[in-house]
Structures are given as C-alpha cells and as structure tokens.
Amino acid sequence: MDTRELVVLVTRGTDHELSSVAFTIACGGITSGLKVTAFLTSSAVDLVRKKAVDTTQVAPMDPLKSLIQDFVSRGGTLIACPPCVKARGYAQEDFIEGVQIAGASVIHEKFKAGAASLSF
C-alpha cells in the first residue's frame, strides 16, 4: 500500500509560535504513517539556517531545534523556496544538513499525486 503524503507549508520564522506548531504537526504526521514534506517559504527559511533555532522554544512545546531534528531523523523532507533563500542572501552551505533548495513545482507534483496540505 502506498503511503499517503502530507505537505506542511511553513511561512513563519523563529519569532512566531506557528513554527513550532508546524513541526509538531509534521512530526505527528510521520508518527501517523504519513510521508511528510515541509516546504519552507518566506521567513521560514531562517528555521533551517545553521544555529538559527538553537535556543528557540515555545513553551510547552519541545525546543524547535529538537522538533526539526526529530522530523529529519524520522524521514521528513525539508525543502526551501529558492526565491526566499536568494532574497535573504543565503546559499546551500548556510543550511543544516538535509535541506533541499527546490521550487514549488516539486510541491505541485506531490499535490497532483494526491498529497494533503496544511499551512502555518
């Protein structure tokens, strides 16, 4: 049986609790057996910069660094929006291991194949 997919569109950075909510929900999706991709746009690309989330925590949730590490270690996919990356002057080497810089066409293919989506 094919695994259902979920795309979590994340638009908030380290300054907003919805970043933690997004990764809590994304990890929950993996726990539920979904194949989950986080598509990071706007200030959310800051979440996957090296050391950017080392001290970010929204109580009572787990530290954002732990949520993202858990997401990746359990097979979650991180995709950063190319124009959002470029607008901030970032390059691939600025990001934690596992981040792919790829456009919306990658996400559109998932939607065409039946993936569900959530936005934060």
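Thresholds, definitions, all that
- Residues numbered from 1 in each chain as written.
- Predicted model: local features only at pLDDT ≥ 70, side-chain atom pairs only at ≥ 80, totals over all residues.
- Heavy atoms only, no water.
- Helix = DSSP H or I, 4+ residues; strand = E, 2+ residues; numbered from the N terminus.
- Buried < 20%, exposed > 50% of the residue type's maximum accessible area, 1.4 Å probe, protein only.
- Pairing = 2+ DSSP bridges.
- Axes fitted to C-alpha atoms, helices over the stretch in contact; angles between N-to-C directions.
- Contact = heavy atoms within 4.5 Å.

Student: Would you mind going over unusual backbone geometry with me for this structure?
Tutor: Trans peptide bonds make up most of the peptide bonds, and negative phi angles are found at most residues other than glycine. You will see that Ser42, though not glycine, has its phi angle at about 50°, which is positive. Looking at where Ser42 falls in the secondary structure, it is placed in the loop between strand 2 (35-40) and helix 2 (64-73). Given the relative accessible area of 33%, Ser42 is considered partly exposed. The backbone of Lys51 sits at a positive phi, close to 70°, despite the residue not being glycine. Of note, Lys51 is situated in the loop between strand 2 and helix 2. Taking the relative accessible area as the measure of exposure, Lys51 reaches 69% and is therefore exposed.

Student: Help me understand the sheet that holds strand 3 (residues 77-80), please; the structure alone is not making it clear to me.
Tutor: Through backbone hydrogen bonds, the strands of a sheet pair up, either in parallel or in antiparallel fashion. With parallel pairing, the five strands of this open sheet are ordered in space as 4-3-2-1-5. Both outer strands of the open sheet, strand 4 (99-101) and strand 5 (116-119), are each paired with one neighbouring strand and no more. Within the sheet, the average angular offset between the axes of one strand and its neighbour, ignoring direction, is 25°. Alignment of strand 2 against strand 3, held across four bridges, turns out to be parallel. Paired with Thr37 across the two strands is Thr77, which belongs to strand 3. Packed on one face of the sheet, helix 1 (residues 17-31) meets strand 1 (5-10), strand 2, strand 3 and strand 5 and runs near 160° to strand 2.

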